[in-house]
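Coordinate analysis (summary)
Take a look at the letters that make up each chain.
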Amino acid sequence: MALSSVPLLPRFGVSSSLATFSSSPACTENGFGGIQRLNIQGFTVLSRNSGRLWGAKHRFYRAQPNGRRFYCGWTKVCSVLELQQTNKSPDSNRRPQASERVNLEDILAERGACGVGFVANLRNNPSHSIIQDALTALSCMEHRGGCGADNDSGDGAGIMTRIPWSLLNEWFNKQGLPALDEANTGVGMVFLPKEEQDIQAAKSVVSNIFQQEGLEVLGWRPVPVNSSVVGYNAKATMPTIEQVFVKVTRENTTADIERELYISRKLIENAVVSEEWGSELYFCSLSNQTLVYKGMLRSEILGQFYLDLQNELYISPFAIYHRRYSTNTSPRWPLAQPMRFLGHNGEINTIQGNLNWMRSREASIKSPVWRGRENEICPYGNPKASDSANLDSVAELLMRSGRSPEEALMILVPEAYKNHPTLTIKYPEVIDFYEYYKGQMEAWDGPALLLFSDGKTVGACLDRNGLRPARYWRTKDDIVYVASEVYENTEVKKHIAMGNPYRQWLDENSRSLNPASFFASTLMDGEIVLRRQQAYGYSSEDVQMIIETMASQGKEPTFCMGDDAPLAVLSQKSHMLYDYFKQRFAQVTNPAIDPLREGLVMSLEVSLGKRENILEVGPKNAAQVTLASPVLNEGELELLKKDSYLKARRLPIFFDISKGLDGSLKKAINRLCEAADEAVRGGSHLLILSDRADELEPTRPAIPILLAAGAVHQHLIQNGLRMSASIIADTAQCFSTHHFACLIGYGVSAVCPYLALETCRQWRLSAKAENMMRNGKMPTVTIEQAQKNFGKAIKAGLLKILSKMGISLLSSYCGAQIFEIYGLGKEVVDIAFCGSVSRVGGLNLDELARESLSFWVKAFSEDTARRLENFGFIQFRPGGEYHGNNPEMSKLLHKAVREKNENAFSVYQQHLANRPVNVLRDLLEFASDRPSIPVGKVEPASEIVQRFCTGGMSLGAISRETHESIAVAMNRIGGKSNSGEGGEISGHDGGTGASPISSIKHAGGPWELGLTETQQTLIENGLRERVVLRVDGGFKSGVDVMLAAAMGADEYGFGSVAMIATGCIMARICHTNNCPVGVASQREELRARFPGVPGDLVNFFLYVAEEVRGILTQLGYEKLDDIIGRTDLLRPRHISLMKTQQLDLSYLLSSVGRPKWSSTKIRQQNVHTNGPVLDDILLADPQISDAIEKEMEVKKTVQIYNVDRSVCGRIAGVIAKKYGDTGYAGRLEILFTGSAGQSFGCFLTPGMNIRLVGESNDYVAKGMAGGEIVITPSDKTGFVPEDATIVGNTCLYGATGGRLFVRGKAGERFAVRNSLAEAVVEGTGDHCCEYMTGGCVVVLGKVGRNVAAGMTGGLAYLLDEDDTLIPKVNKEIVKIQRVVAPVGQLQLKQLIEAHVNKTGSTKGTAVLNEWEKYLPLFWQLVPPSEEDSPEANLEFGDRTIERITVKSA
């Protein structure tokens, strides 16, 4: 029997990829011959006994239990399944620990990317087959999890079910105990300490607290386990596992029972914090409804380890399963999932801000259900737990306080509801709900699939971007399978949203700040502006390259070649405080967001005012002021000052040095915090921190605004006042996107950059700007437009910064502290930035005060120049900041490599040795207790150079000549050249062809710290032998190589210096395409000037290798293998820094041991392989190999499973290698049946006709160059093909030819970057035709949002039967028109005819049968490049169509 069709709500179908899931003993009866896949973004309904499906996303792989197979793929489904039952109640939460501050270092250590899913019976019929299916599905997810160095200890696996009362009562019966009262009994799954005396102590605490709470402990049950299947590492930390049973007699309802158990657990957790064994006591679950079995296990081991799971008495109507992939920490038993309520796949990127805000709420959280015991259940978060655990903890708090699971997750993980046509038109109540809560709870933002259950409801939901899709299957006997990574049930959301009059409350209490006009004239004269700029740290580069560029162009300025200036703490120049902060960006599997084309999911909105008790729902919670963005002008600031609700209080931020500098800054900060405290307690809901003054005073410099804001933010958090007021900065010390990001990241809601705006006004009225506009060298802008442009650039830059971290909402970025600090000491960090990572220490408050004062005094000095100083932070200039890649260095290197002159290279070495301290490694030197050895004993340069690599440089960034010279040189020495793309997100001192200045200067950190962390983590986890560590960034010499080797690197990358060796003169105009020596230009006349030859680069690397040999000689070691990882050979240099002597290099010098293998052995081990793949089997088939070799025709039928990835890619490669892209005269016709894995039909070439009966995962036809792919569902599926998603996301990515016909829907980003392929599909998800540059796409069904974003070429025909398409189209580039040109009509019809012919599509047949009816319902999307094409332009008439018809025939 086939799967039954799952009805979709009208106007809701979207898509995603799929595969086949299926068959345990319970499933085989259903015959998973057909699967319906749905891909939606939100909630959707599965109607059966009130069954409701809500949302999720994931993928599985093949397993073969008992000869049966489970297959699964990706999809996006969102579902809530409400189980009918008399027994109820939610599951528990996550265990936090009391902690004074939220430490980002702890949080960063707990991230993961996992796989989740659930199986449930819609009729609420419990069975053991549900457990079996879940365990089988879990075993198919081993690829989604991590495994320890012993190859046997999983990062974590687990399962959550309804409590199996029959199994537990059997045990109680055997013990001679009465049966459990299911309605009033709580069951706890407990990890206890390993030592017997600690076990007893822990049990005593647990029992005593239960007794104090009036709960009767009925007994402890040792959970039967098979420890022999546990991996070595997991066994070493394996807890004692028991279940505790307690009777709750005082409460009657399930909700009250669950709440009492929750309180008891929180009391227990708080009670054991100070115990030595406290961290070993952990409740996996404590509930009257659900039970969690989990551990540091692999997927397939879970059911073997927990013997209960094999017992047929273990029955449940649902099971949530999870496989963990821990990325930045050693796995631990408690961190396995599911948690007490959630199973989470993804990562929460805003976690530190979320925890800070939750800590702030502790003082205001109140609810009658807690009966005054709120203080006893604090804290609500634990920075030492994972992001998943903390989200689980807050979700549980909301649920235990009376919210439904669906409502809790709608509050915590809201969807992208703005610019959502369906919600706007049909479900405005849902928008009202989100609008109400946007100022109450910051979103827990990041890619996430969340599966959850409270025992009554099982469901799943996605993050707002759908970055972790899922799919579900429903069988005819009402079994629902959801596979990780979900769907949209807007009716569920509507039901939640209609629970309160949110729109009325918003209308009566909330308001938006009306935009105020920009000033049309300057407010200060030029002399005053200059003095202010000097006092607040501006340089001529800041004004000319940053502010003026943004004012004139409305976008961030672009620069190139990375950041080769010293870290701020190492510099001999004064820096603004922002320069000590580096932006972090996405890690793990976290995809960045495209802020240009996918801005519909992003928002810069800010809410100001008091945030009321999150547990209370009422009109006063809506009393907030909404800002469209955090960028304020002076008029808007005045409006906020006058707002009667906000009761704004202005707090000046100056410090008095009249009695001496030492201690003055600290005193001022303390006074500022006290004033803020007093203002908030006095009823102010808006604090304005201001460094504005009518007259500046020499002895009253401004506190750095970032320091002031951070200190006030942290002070209010620690005093429970942060929810009561917002913070705004009215400051001169803010003019770049990085400045705004720092202020917002440390708690500021909005900024009025008054001096930057005045600078814009002054610039616009300057003679220089007037002349440039008059001469046509820049667009004409008004004084108001200049300021507007500045704000536009800031806002676009902020979206870019958020997107790099995978964050959608500025409100979630606020307070999230997504930075690392380089050069600030503990005193500074603790007072203003506590929780942020500052590994090397640095300036204290007095030293920071001196640096601020060094700017301030310039405003009062008679010797001060009449113009701003050029510090040379961005561009090299004589007398300015030191740059590692400077003209003198380039000249010396050119002379050495071109003349092959050892003496000249010695001069180059001496130049590097005498440079100022530039990078952290410059603070280190070698120290060996060995005598030197003859150089003849040291490994030859020819061996050393094989460890050298060149960095990734895209062909668009550098010329072909440069690319080829570098590649030839690396081939000659046996090194590695990287032909891949470089990358904008450049990484500290890494070079790049073009990037926003803020990215170059403020993103990424020193490789010395990254390498040290990587080396130590891998060694601690026994994994170092499996990884070759390569490091690059600013390498220039053998000294750099040796220092990197001592810190653990095996291979060494050279980027900028490799280009210098081939002729680059560091003109730093790569981004303009005007490189004077043709190194980084595509202009042929400039490329002709390219001076380099491969031999120059070969010479350079040989010189570096000889320098390495020389150092090894001095140290007494014969080869690099001997010193790799030997940090004991390093010591701090005795060197005096200008700003501080408090740098701490101990982290760089620490060691946790060395690998068991030598570096050479590690590098020479066999490359990892996935084993034989389906393409290998096909290529080994004599018929196929003959057809390729002899250009014959062949037909084959092959079974495919979704573990079979990139099928046909290798076959296409063999054909292309032999015949080129179009020279193959044979024909391969291969019929696949089943579920195809990722990238099915990738890189297909002409002559390959591929047919798939079944479904496929993501990336179908990726890079397709020719041929044909046809995908249809299997016969008798039980569902309507055009309503089902049968291929996944990102199909036709980068295709350059061929045809794709899909009888069914596709996922998101269909035809993204398609450049020539033609395709017909019957529905798609969001972002269809994104960045498409050519080809033709026909969609015979519904599409998601943001169609044709960035589409610059090709045509798209979309069927719009209910007139809902227009709001979904991104109209930035394309024109939308009906299909009026005869040639276009013919193109459309012929493609549909081909589709029907290939697939038998009923939808296509219906369109053709009533062509005159359907043709007017199609829209044609036409980018400018196609406007004059015969398919889009009616003027071409019938003659063209006749020619095309003849040609087609």
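Each chain carries its own residue numbering, running from 1 in the direction its sequence is written. For this predicted model, a pLDDT threshold of at least 70 governs which residues receive local features, and a threshold of 80 or more governs which side-chain atom pairs are given and counted, while totals over whole chains, interfaces and linings are taken from all residues. Calculation of side-chain values draws on the structure's entire complement of heavy atoms; hydrogens and water are dropped beforehand.

1. What about the overall build of the chain?
For helices the rule is a DSSP run of H or I covering at least 4 residues; for strands it is a run of E covering at least 2, with both sets numbered from the N terminus onward. Scanning the chain from terminus to terminus reveals 46 helices and 43 strands. When a residue's accessible area, from a 1.4 Å probe over protein chains only, is under 20% of the maximum for its type it is buried; when over 50% it is exposed; and in between it is partly exposed. By residue count, 65% of the 1449 residues in the chain fall in the buried class. Using a 1.4 Å probe, accessible areas were evaluated by the Shrake-Rupley method; residue-level cover was limited to the displayed protein chains. For the chain, the computed accessible surface area is about 49900 Å², with 48% contributed by carbon and sulfur atoms.

2. Considerations on empty space enclosed by the protein
One simple way to see leftover space: roll a probe sized like a water molecule over the atoms. Grid spacing is 1 Å over the protein atoms alone, the probe is 1.4 Å, and a cavity is where that probe fits but cannot get out, while a pocket is an open set with protein on both sides within 12 Å along at least five of seven lines and lining residues have an atom within 4 Å of a point. Grid points are joined across faces, edges and corners, and a volume is the space filled by probe spheres set on the points. By volume, the largest cavity is sized at about 400 Å³. Counting only elements with at least two residues in the lining of the largest cavity, the list comes to helix H17 (540-553), helix H21 (737-745) and helix H32 (997-1002). Throughout, the ten residues Ala, Val, Leu, Ile, Met, Phe, Trp, Tyr, Cys and Pro are labelled nonpolar, Asp, Glu, Lys and Arg are labelled charged, and all others, Gly among them, are labelled polar. For the lining of the largest cavity, the per-class residue count stands at 14 nonpolar, nine polar and seven charged. Computed from the structure, the second largest cavity encloses a volume of approximately 240 Å³. Taken together, 20 residues line the second largest cavity, and the ones lying closest to its centre are Trp-357, Ser-607, Arg-611, Ser-749 and Cys-814. Only strand S19 (606-608) and helix H25 (810-813) provide two or more residues apiece to the lining of the second largest cavity. Broken down by class, the residue content of the lining of the second largest cavity amounts to eight nonpolar, seven polar and five charged.

3. Some words on the packing of aromatic side chains
Geometry of aromatic contacts follows a simple scheme: Phe, Tyr and Trp rings, the Trp one being its six-membered ring, pair when their centres are within 6.5 Å, and the pair is stacked under 30 degrees between planes, edge-to-face over 60, tilted otherwise. In the structure shown here, the tally under the stated rule is 45 aromatic pairs. An angle of 85° between the planes, with centres 5.7 Å apart, marks the rings of Tyr-502 and Trp-505 as edge-to-face. Of this pair, Tyr-502 and Trp-505 both sit in helix H15 (residues 502-509), three residues apart, which is roughly one turn of that helix. Ring centres 5.6 Å apart and planes at 70° place the aromatic pair Phe-1035 and Phe-1054 in the edge-to-face group. Here the residue Phe-1035 occupies a position in the loop between strand S31 (1030-1032) and helix H34 (1038-1046), and Phe-1054 occupies one in strand S32 (residues 1051-1054), the gap between them amounting to 19 residues. Accessibility expressed as a relative area gives 2% for Phe-1035, which makes it buried. Should the NZ of a Lys or the CZ of an Arg lie within 6 Å of a ring centre and within 35 degrees of the ring normal, that charge is described as sitting over the ring. The ring centre of Phe-1035 lies 5.8 Å from the NZ or CZ of Arg-921, which sits over that ring.

4. Focus: the pattern of salt bridges
What makes a salt bridge here is a side-chain nitrogen of Lys or Arg within 4 Å of a carboxyl oxygen of Asp or Glu, nothing more. Scanning the entire structure with this criterion turns up 68 salt bridges. Between Arg-373 and Glu-213 there is a salt bridge, with its nearest N and O atoms 2.7 Å apart. With Arg-373 in the loop between helix H9 (351-361) and helix H10 (387-400) and Glu-213 in the loop between helix H5 (196-212) and strand S6 (215-222), this residue pair connects regions lying 160 residues apart in the sequence. Judged by relative accessible area, Arg-373 falls into the buried class, the value being 18%. Glu-415 is the salt-bridge partner of Lys-493, the closest N and O atoms lying 2.8 Å from each other. Linked through salt bridges whose partners overlap, the residues forming this network are Glu-258, Arg-265, Glu-269, Arg-340, Glu-396 and Arg-400.

5. Points about the nonpolar core
Nonpolar core, defined: a set of buried Ala, Val, Leu, Ile, Met, Phe, Trp, Tyr and Cys residues in which side-chain atoms within 4.5 Å join the residues together. Of all hydrophobic cores here, the largest spans 217 residues; its most connected members are Tyr-536, Phe-581, Leu-707, Phe-833, Phe-948, Tyr-1052 and Phe-1100. Ranked by the residues each element gives to this core, the list is headed by helix H37 (residues 1094-1115), at 11 residues. Whether two residues are in contact is decided by their heavy atoms: any pair within 4.5 Å suffices. Leave out the neighbours within four places in its chain, and Phe-948 touches Met-970, Gly-975, Lys-976, Val-1041, Tyr-1052, Phe-1054, Phe-1101, Val-1104 and Ala-1105. Of all hydrophobic cores here, the second largest spans 70 residues; its members include Leu-267, Met-410, Phe-452 and Ile-614.

6. Considering H34
The buried count for H34 comes to eight of nine residues, which makes it a mostly enclosed element. Where H34 is concerned, the buried positions are Gly-1038, Asp-1040, Val-1041, Met-1042, Leu-1043, Ala-1044, Ala-1045 and Ala-1046. Two to three positions downstream of the cap, the backbone nitrogen of Val-1039 sits 3.3 Å from a side-chain oxygen, assigning the N-cap of H34 to Ser-1037. In the segment just after H34, Gly-1048 is the residue with positive phi, at about 125°. By the criterion applied in these results, polar contacts are pairs of N or O atoms within 3.5 Å in which, for protein atoms, one can donate a hydrogen and the other can accept it, and in which residues neighboring in sequence qualify only through two side-chain atoms.

7. Considerations on the sheet that holds strand S21 (residues 649-652)
Any two strands between which DSSP finds at least two bridges are classified as paired. On the basis of which strands lie adjacent, the open sheet formed by four strands has the order S21-S22-S23-S24 and parallel pairing. Of all the strands in the sheet, the pair left with one neighbour each is S21 and strand S24 (750-752). The mean inter-strand angle of the sheet, taken between neighbouring strand axes irrespective of direction, is 25°. Bridge count between strand S22 (residues 686-690) and strand S23 (residues 726-730): five bridges; the pairing is parallel. Within S23, the residue paired with Ser-690 across the bridge is Asp-730. Under this scheme, a helix contributes an axis fitted over its contacting stretch, all axes are lines through C-alpha atoms, and angles between N-to-C directions fall in the 0 to 180 degree range. On the sheet, helix H19 (residues 664-681) packs against S21 and S22 and is oriented at approximately 175° with respect to S21. Taken strand by strand, helix H20 (residues 705-718) contacts S22 and S23, and its axis lies near 155° from that of S22.

8. Let's talk about the side chain of Asp-579
Mapped onto the elements, Asp-579 comes out in the loop between strand S17 (558-559) and strand S18 (581-583). Charged residues are defined here as Lys and Arg on the positive side and Asp and Glu on the negative side; His and the ends of the chain fall outside this count. The side chain of Asp-579 is buried and forms no salt bridge, while Lys-582, the nearest opposite charge, is found at 7.2 Å. At 2.8 Å, the side chain of Asp-579 forms a polar contact with the side chain of His-575. Dropping the residues within four chain positions of it, Asp-579 is found in contact with Ala-568 and His-1002.

9. Details of the pairing of S32
The alternating pattern of S32 places Glu-1051 and Gly-1053 on one face and Tyr-1052 and Phe-1054 on the opposite face, and all of these are buried. Inspection of the sheet shows S31 paired to S32 by three bridges, in the parallel sense. When the sheet's bridge partners are listed, Arg-1030 is paired in S32 with Glu-1051. Handedness of the crossover joining S31 and S32 through H34 is recorded here as right-handed. Consider the strands pointing away from the viewer: the crossover is right-handed when the path from the first strand over the helix to the second runs clockwise.

10. Describing helix H14 (residues 490-497)
For H14, the set of buried residues is Thr-490, Val-492, Lys-493, Ile-496 and Ala-497. Along the axis of H14, the buried residues cluster in a sector spanning 155°; they form a single face. This arc corresponds to the set of directions leading from the helix axis out to the C-beta atoms.

11. Quick look at the sheet that holds strand S7 (residues 240-248)
Pairing is antiparallel in the open sheet, where four strands are placed in the order S6-S7-S5-S8. At either margin of the open sheet sits one strand with a lone partner, and together these are S6 and strand S8 (282-287). Each adjacent strand pair in this sheet contributes to an overall mean axis angle of 20°, direction not counted. Here strand S5 (residues 185-192) runs beside S7; their pairing, made up of eight bridges, is antiparallel. Each bridged residue has a counterpart across the sheet, and for Thr-185 the counterpart in S7 is Lys-247. Across the sheet, H5 touches S5, S6, S7 and S8, and the angle it forms with S6 is around 150°.

12. A few points about the confidence of the model for the chain
You can read pLDDT as the predictor saying how much it trusts each residue, on a scale of 0 to 100. Residue-level pLDDT values for the chain average 86, and 88% of them are 70 or greater. Throughout residues 1-82 the model reports pLDDT below 50, and contacts reaching past four residues in sequence, or to other chains, amount to 483 contacts. Segment residues 84-113: pLDDT under 50, and 170 contacts once partners within four positions in sequence are set aside and those in other chains are kept.

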